[in-house]
Amino acid sequence: MDKIITKSQIRMAAEQAYNYATTVTGGANANYIPFLANINPDLFGMSVMLPDGTAVNLGDTQYRFGIESVSKVPTAILAMKQSGTQAVLDKIGADATGLPFNSIFAILLENDHPSTPLVNAGAISACSMIEPNGDSDGKWEAIIDNITGLCGSAPELIDELYKSESATNFNNRAITWLLKNYGRIYDDPDMSLDLYTRQCSLGITTEQLAVMAATIAAGGVNPISGKSVFESEISPKITTLIATVGFYQNSGDWLYTSGIPAKSGVGGGVLGVLPGVLGIAAFAPPLDNAGNSVKAQAAIKKFMEILGLGVLNGDRVIIKE
């Protein structure tokens, strides 16, 4: 069934959802990374981006925050671009663990593969797959160029966050060497972990995340630059990964209640993809117990609810002026 929505409806829904979420309280900044613990908890931004470049930006959408686990999405895309979607499935996998994002137990349970590139183990493995092999600088350049293409503008490394993460990533060090033990690191382990830590320390804005989400929703075509960033066949693959594990052990609850595949990060950002329709992003530092932004979740859920949208609704959504 066709569902016709106007751009003014989208703007009004975004404004209503943003205003609603400003009243939502609860949660706390991530405290196991010292830098994140000190971010102003009152920051809040929300952005919606349509495939034609129409944007709605509300609140602190120009503030650069730590991208953290949302960085797993572009790096998974890059691995698919370089090696193919089947290679990522074979070398990493696509199954949700049902366990926390940094679970070591998940690796022990499924030692034949790291499960998915959207949990820590699989993301470190994905960084090890990035070409050129053995070249840290070359890999880093490829990671940055890819994110820049997806966002239409470049991210910026937050050096203080990178140092803070590097000094406290003991769990990820254990994950990396356990993956090495099982033959699921495809380049130097220390280099792969450092690349993962660095990419998580990139500063990104809510507006940039919305552009990235819209690029995925539009089959790889960036709505700002008009350039094709990746082959269209990658879009359903990465959106499937986002839908199944984007909110870690709460992914099923999230998709059930929101209707949109979304990926969260402990920096407070959430990226949502409604295929063929729009990209959405929100940011607020206080997190729930699973590491997902309380306000960002509330804003995106309310936006979807107001418009009656959902990835599994069966509607063909048509956006008009």
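These remarks concern the structure in this document. Keep in mind it's a predicted model, so treat the numbers as computed, not measured.

In this section: the sheet that holds strand 6 (residues 202-204). The sheet built from three strands is open, its strands ordered 4-6-5 with antiparallel pairing. The open sheet is flanked by strand 4 (65-66) and strand 5 (156-157), the only strands paired with a single partner. Where strand 5 meets strand 6, two bridges bridge the pair, whose relative direction is antiparallel. Among the inter-strand pairings, Glu156 is bridged to a residue of strand 6, identified as Gly203.

This part is about empty space enclosed by the protein. Under the counting rule described, the total for this entry stands at two cavities of 30 Å³ or more. What the second largest cavity holds in volume is close to 30 Å³. Asn29, Ala30, Leu36, Ile39, Val266, Gly267 and Pro285 are the residues that line the second largest cavity. Looking at the lining of the second largest cavity residue by residue, the class counts come to five nonpolar, two polar and no charged.

It is worth spelling out the environment of Glu231 at this point. Tracing the sequence through the fold places Glu231 in the loop between helix 11 (206-217) and helix 12 (234-245). Spatially, the C-alpha atom of Glu231 lies 20 Å from that of Lys139, the residues being 92 residues apart in sequence.

Sheet architecture is open: five strands sit in the order 3-2-9-8-7, paired in antiparallel fashion. In this open sheet, the two edge strands, each paired with only one partner strand, are strand 3 (55-59) and strand 7 (262-264). With strand direction ignored, the average angle separating the axes of adjacent strands in the sheet is 10°. In terms of strand pairing, strand 8 (residues 269-274) meets strand 9 (residues 278-283) through six bridges, oriented antiparallel. Its bridge partner lying in strand 9, Gly272 is registered against Ile280. Most of the contacts of helix 1 (residues 7-21) go to strand 3, to which it runs at about 20°, and overall it touches strand 2 (45-49) and strand 3.

The interhelical angle for the contact between helix 3 (residues 72-83) and helix 7 (residues 136-151), taken along N-to-C directions, is 105°, at an axis separation of 10 Å. As judged from the angle between their axes, helix 3 and helix 7 are roughly perpendicular. For the pair helix 3 and helix 7, contact is made by Pro74, Thr75, Ile77, Leu78, Lys81 and Gln82 and by Ala142, Ile143, Asn146, Ile147 and Leu150, respectively. Grouping the constituent residues of the contact of helix 3 with helix 7 by class yields seven nonpolar, three polar and one charged.

Before going further, it helps to spend a moment on unusual backbone geometry. Backbone torsion omega between Glu131 and Pro132 reads 5°, so that peptide bond is classified as cis. Mapped onto the secondary structure, Pro132 falls in the loop between helix 6 (120-129) and helix 7. Positive phi values are uncommon outside glycine, yet Glu68 reaches one of about 50°. Locating Glu68 in the fold gives a position in the loop between strand 4 and helix 3.

Take the packing of aromatic side chains next. Counting across every chain of the model gives four aromatic pairs. Ring geometry for Tyr63 against Phe283: centres 5.7 Å apart, planes inclined by 10°, an arrangement best described as stacked. Placement of the pair is Tyr63 in the loop between strand 3 and strand 4 and Phe283 in strand 9, with a sequence separation of 220 residues. Owing to a relative accessible area of 0%, Phe283 belongs among the buried residues under this scheme. Relative to Phe283, the ring of Phe65 has its centre 4.1 Å away and its plane inclined at 0°; by these criteria the two rings are stacked. Highlighted residues: Phe65 in strand 4 and Phe283 in strand 9, separated in sequence by 218 residues. Neither Phe65 nor Phe283 differs from the other in exposure class; each is buried. Taken together, the ring pairs connect Tyr63, Phe65 and Phe283 into an aromatic cluster. The aromatic ring of Tyr186 is capped on one face by Lys91, whose charged end is 4.9 Å from the ring centroid. Lying over the aromatic face of Trp140, Arg198 brings its terminal NZ or CZ to 4.6 Å of the ring centre.

The next point concerns a negative patch on the surface. Negative charge collects at one region of the surface, where Asp135, Asp137, Glu141 and Asp145 lie side by side. Among the structural elements, Asp137 can be located in helix 7.

Most of strand 2 is tucked away, with five of its five residues classed as buried. With burial as the criterion, each face of strand 2 is covered, one bearing Gly45, Ser47 and Met49 and the other bearing Met46 and Val48. With five bridges joining them, strand 2 and strand 3 adopt antiparallel strand pairing. Directly across from Met46, in strand 3, lies its bridge partner Leu58. Between strand 2 and strand 3, which pair antiparallel and follow one another directly, the connecting turn spans five residues, one of which, Gly53, has a positive phi of 95°. Across five bridges, the pairing between strand 2 and strand 9 is antiparallel. Bridge pairing in strand 9 links Met46 to Ala282.

Reading the values: the criteria
Residues numbered from 1 in each chain as written. Predicted model: local features only at pLDDT ≥ 70, side-chain atom pairs only at ≥ 80, totals over all residues. Heavy atoms only, no water. Pairing = 2+ DSSP bridges. Helix = DSSP H or I, 4+ residues; strand = E, 2+ residues; numbered from the N terminus. 1 Å grid on protein atoms, 1.4 Å probe; cavity = no way out; pocket = protein on both sides within 12 Å on 5 of 7 lines; lining within 4 Å. Points joined across faces, edges and corners; volume = space filled by probe spheres on them. Nonpolar A, V, L, I, M, F, W, Y, C, P; charged D, E, K, R; others polar. Axes fitted to C-alpha atoms, helices over the stretch in contact; angles between N-to-C directions. Contact = heavy atoms within 4.5 Å. Parallel < 35°, antiparallel > 145°, perpendicular 65-115°, else oblique. Phe/Tyr/Trp six-rings, centres within 6.5 Å; stacked < 30°, edge-to-face > 60°. Buried < 20%, exposed > 50% of the residue type's maximum accessible area, 1.4 Å probe, protein only. Lys NZ or Arg CZ within 6 Å of the ring centre and 35° of its normal. Patch = residues over 30% accessible without salt bridge, like charges linked within 9 Å, V, L, I, M, F, W, Y side chains within 5 Å. Areas by Shrake-Rupley, 256 points an atom, 1.4 Å probe, with all protein chains shown as cover. Salt bridge = Lys/Arg side-chain N within 4 Å of Asp/Glu carboxyl O. Lys, Arg positive; Asp, Glu negative; His and termini not counted. Charge placed at Lys NZ, Arg CZ, Asp CG, Glu CD.

Just geometry here; none of it tells us what the structure is for.
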